Number of protein chains: 2
Amino acid sequence: MSMYVVGHKIPDSDSICGAIALSYLKNQIGEPATPARLGDVSPETAFILEKFGFEAPEFKESYAGEDVYIVDHSELTQAPDDISEATIVGIVDHHKLGDLTTATPLECWIRPVGCSNTIIKMMYDFHNVEIPKNIAGIMMCAILSDTVIFKSPTCTTADIKCVEALAEIAGVEDFKALGMEMFKVKSAVEGTPVRDLVMRDFKDFNMNGSKVGIGQLEVIDLAVFDDIKADLEADIAAMKAEGERHTMMLLLTDIMKEGSEVLVISDNHSLTEQAYGKASVEGRVWLDGVLSRKKQVVPNLQKVFEA
Amino acid sequence: MSMYVVGHKIPDSDSICGAIALSYLKNQIGEPATPARLGDVSPETAFILEKFGFEAPEFKESYAGEDVYIVDHSELTQAPDDISEATIVGIVDHHKLGDLTTATPLECWIRPVGCSNTIIKMMYDFHNVEIPKNIAGIMMCAILSDTVIFKSPTCTTADIKCVEALAEIAGVEDFKALGMEMFKVKSAVEGTPVRDLVMRDFKDFNMNGSKVGIGQLEVIDLAVFDDIKADLEADIAAMKAEGERHTMMLLLTDIMKEGSEVLVISDNHSLTEQAYGKASVEGRVWLDGVLSRKKQVVPNLQKVFEA
């Protein structure tokens, strides 16, 4: 039976490039696989795919009756809506262990590294399958994106070594320059509807029963938000109400200054004080050194909800 | 920080040997680790440990504030009672994905193979660490136990290759003979209290909100149960009431005839009919070819509870 390989809702580059890279590997080892996606590709991902000559994977929302290999999460909220009617045959991920469960044994390649594609590279090595030049390119870009060109505290030596090896295969001499080019594409927010920006890299979390939505925009200069910050705030307030969320956060991350301005609206008015030791003022707070939603934002938040 | 490596409640040979083998590997790669256990070792496991010169790991029930590496399951019901106060740093397992979750990223080595020790061998290979002779011996025995000397439908070619490689390292020429010797130890039930037999390899499952307890005794001749079957039935009835369980099952598995007599007491009187197409008669049913709780008993049961 053929399987679909699919990342999370509102796919990022790791989800899309990972689905393509893992499908190729599975096909090489005699397990037919098709990459798929649960949403639109971001401008950053479109840039990567075009750079290395790939089309976006098939858009597919329903997986009832299918075999599915999950990329880049293990959370029900981030999975296809009908995942309970599918068979999860595997998970490759680098986040905390979520609430997906299965009725049958599966394979899980989960590692505390900076990017799922770093683990997919380990899978290629395990199966002794050569990585084609263009697939090495998209895997490398996904890692540079997830690790913010190695600046994120989620970045490990495994990620750095992996990028170096993939750059060699892809024939990319200056991968840091390519990374900056990619983040410039990501920083272009002008002309994009506010809701699209909030949703560009957005995840809902179930925190001890409360729904918490957290978006993140990584740019090379926060000045790009000067004219639209009030609109962004109005929109996360609207999303909080629409989704019956306890909390909505939008992280405006400056990858050069290495910190994030957090826009927050929550039923708990001292949430950032409790989670990060710094109160928000009129729904805004600068968190110095905070680049990673996964490692620096979510765990502290979770502790507040579980206290 | 040092970690504990611990298998499931009512540990089997895979849990105990896996904790020892994985702790040794972790120590070799600079991550201090101590093997532990959540319960008494079985006669089979005692035989293995003595054969290769090991003491049983430390008995330890409480893990609050500790780093824990979980072996052979991913289920809350099988984990230490205070696991929510510990940090799960990793999971090695070969079952369905259970309901354990974490607040932080971790490593999961989960594969659809016959035994956790087969995956631990992959971890040794990944880290390029040599397996000592005596550790190879206990890992090999754990795999022979879990795969019922390759007869179980859970057994994969990876398990067989792994046993062959470990036998070579351990210097064991006839591993099948050693496996039979081990199952003879396992078959000695005379003189053992009935409750100890029921609990020897027992797991509670949460099936769509219902608590289902399933024990298994693997022997080389079911005749050993002739005199005690009525006592076993009385005892599982008692355990059903004591534990407020929906269902109690005891699988009496004949590894030579390759099938299991199931003793069952359940709130659903047509449970085995619905799950396996064969009605129980006075709480007993013979399931031909059924050797594996994980692959042949649990999934069908789960479907009935989720229907």
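A brief structural summary. Only a predicted model underlies this, so the values are computations on that prediction, with no experimental measurement involved. (Residues numbered from 1 in each chain as written. Chains lettered and ligands numbered in written order. Predicted model: local features only at pLDDT ≥ 70, side-chain atom pairs only at ≥ 80, totals over all residues. Heavy atoms only, no water.)

Description of the interface of chain B and chain A
Here comes step 1: Across the boundary between the two partners, chain B contributes 24 residues, which contact 24 residues of chain A.
Here comes step 2: Here chain B meets chain A over a buried area of about 2,100 Å², counting both sides, of which 67% is carbon and sulfur.
Here comes step 3: Looking at the side of chain B facing chain A, the largest losses of area belong to L97, P105 and R111 of chain B, adding up to 28% of the total buried there.
Here comes step 4: At the junction of chain B and chain A, the tally comes to 0 salt bridges. (Contact = heavy atoms within 4.5 Å. Buried area = accessible area lost by both parts, 1.4 Å probe. Salt bridge = Lys/Arg side-chain N within 4 Å of Asp/Glu carboxyl O.)

Quick word on the packing of helix α1 (residues 13-28) of chain B against helix α4 (residues 133-146) of chain B
All names here are of chain B.
Here comes step 1: Look at α1 against α4: their axes get within 9 Å of each other, and the N-to-C directions meet at 150°. Viewed along their axes, α1 and α4 adopt a mutual orientation that is roughly antiparallel. Here the hand of the crossing between α1 and α4 comes out left-handed. Listed contacts from α4 to S13, D14, C17, I20, A21 and Y24 of α1 are I135, I138, M139, A142, S145 and D146.
Here comes step 2: Class assignment for the residues of the contact of α1 with α4 results in 8 nonpolar, 2 polar and 2 charged. (Axes fitted to C-alpha atoms, helices over the stretch in contact; angles between N-to-C directions. Helix = DSSP H or I, 4+ residues; strand = E, 2+ residues; numbered from the N terminus. Parallel < 35°, antiparallel > 145°, perpendicular 65-115°, else oblique. Left-handed = near helix turned anticlockwise from the far one by under 90°. Nonpolar A, V, L, I, M, F, W, Y, C, P; charged D, E, K, R; others polar.)

As for the sheet that holds strand β7 (residues 202-207) of chain B
Residue and element names in this part refer to chain B.
Here comes step 1: Strands sit in the order β7-β8-β9-β10-β11 across an open sheet of 5 strands; the sheet is mixed. Each edge of the open sheet is held by one strand with a lone partner, namely β7 and β11 (284-288). Averaged over all pairs of adjacent strands, the angle between strand axes in this sheet comes to 25°, irrespective of strand direction.
Here comes step 2: Note that strand β8 (residues 210-219) and strand β9 (residues 247-254) share 8 bridges and pair parallel. Directly across from Q216, in β9, lies its bridge partner L251.
Here comes step 3: Contacting β7, β9, β10 (259-266) and β11, helix α8 (residues 229-242) runs over the sheet at an angle of about 45° to β10. (Pairing = 2+ DSSP bridges.)

Brief notes about α8 of chain B
Residue and element names in this part refer to chain B.
Here comes step 1: Across its 14 residues, α8 extends 20 Å between first and last C-alpha, which sits within 8% of the 20 Å expected from 1.5 Å per residue.
Here comes step 2: Within α8 the residues assigned to the buried category are K229, L232, D235, I236, M239 and K240. The buried residues of α8 occupy an angular sector of 145° when projected down its axis, which confines them to one face. Exposed residues on α8 whose side chains face more than 90 degrees from its buried face are A230, A241 and E242.
Here comes step 3: Where the residues of α8 are buried, they touch α7 (194-199), β7, β9, β10 and β11.
Here comes step 4: Phi for E244, located one or two positions after α8, is positive at around 50°. (Expected span 1.5 Å × (residues − 1). Buried < 20%, exposed > 50% of the residue type's maximum accessible area, 1.4 Å probe, protein only. Arc of directions from axis to C-beta.)

Overview of unusual backbone geometry
Here comes step 1: Positive phi is not limited to glycine here, since I10 of chain A has a value of about 50°.
Here comes step 2: As for its position among the elements, I10 of chain A is in the loop between β1 (3-6) and α1 (13-28).
Here comes step 3: We classify I10 of chain A as partly exposed; its relative accessible area is 22%.
Here comes step 4: Unusually for a residue other than glycine, E258 of chain B sits at a positive phi of about 60°.
Here comes step 5: Relative to the elements of secondary structure, E258 of chain B occurs in the loop between β9 and β10.
Here comes step 6: Looking at E258 of chain B, the relative accessible area reads 31%, which means it is partly exposed.

Concerning the state of the cysteines
Here comes step 1: A complete count under the given rule lists 0 disulfides over all chains for this structure.
Here comes step 2: You can see C115 of chain A has no disulfide; the closest cysteine sulfur is in C162 of chain A, sitting 8.0 Å from it. (Disulfide = S-S within 2.5 Å.)

Describing the relation of the copies chain B and chain A
Here comes step 1: When chain B is brought onto chain A, the operation consists of a screw motion whose angular component is 180° and whose axial shift is 0.0 Å, with 0.0 Å RMSD remaining. What we have between these two chains is a two-fold relation.
Here comes step 2: Most of the interface of chain B is mirrored in chain A, where 100% of its interface residues again form contacts. (Least-squares fit on C-alpha atoms with pLDDT ≥ 70 in both.)

Some points on the packing of aromatic side chains
Here comes step 1: Scanning the model with the defined rule gives 6 aromatic pairs over all chains in all.
Here comes step 2: The cationic tip of R111 of chain A hangs over the ring face of W109 of chain B; the distance from NZ or CZ to the ring centre is 3.8 Å.
Here comes step 3: Cation over ring: K60 of chain B sits above Y63 of chain B, and NZ or CZ is 5.2 Å from the ring centre. (Phe/Tyr/Trp six-rings, centres within 6.5 Å; stacked < 30°, edge-to-face > 60°. Lys NZ or Arg CZ within 6 Å of the ring centre and 35° of its normal.)

A word on the nonpolar core
Here is a general trend for soluble globular proteins: nonpolar side chains tend to be buried in one another's company.
Here comes step 1: Core analysis: the biggest nonpolar cluster contains 51 residues, and L22, V92, Y124 and M140 of chain B have the highest contact counts within it.
Here comes step 2: Sorting the residues of this core by element identifies β1 (3-6), α1, α2 (43-51), β4 (67-71), α3 (116-127), α4, α5 (157-170) and α6 (175-187) of chain B as the ones contributing at least two each.
Here comes step 3: Ranked by the residues each element gives to this core, the list is headed by α4 of chain B, at 9 residues.
Here comes step 4: Excluding residues that lie within four positions of it along the chain, Y124 of chain B makes contacts with A21, Y24, L25, V129, E130, I131, I135 and M139 of chain B.
Here comes step 5: I20, I48, M139 and F175 of chain A belong to the second-largest nonpolar core, a separate cluster that totals 50 residues. (Core = buried A, V, L, I, M, F, W, Y, C linked by side-chain atoms within 4.5 Å.)

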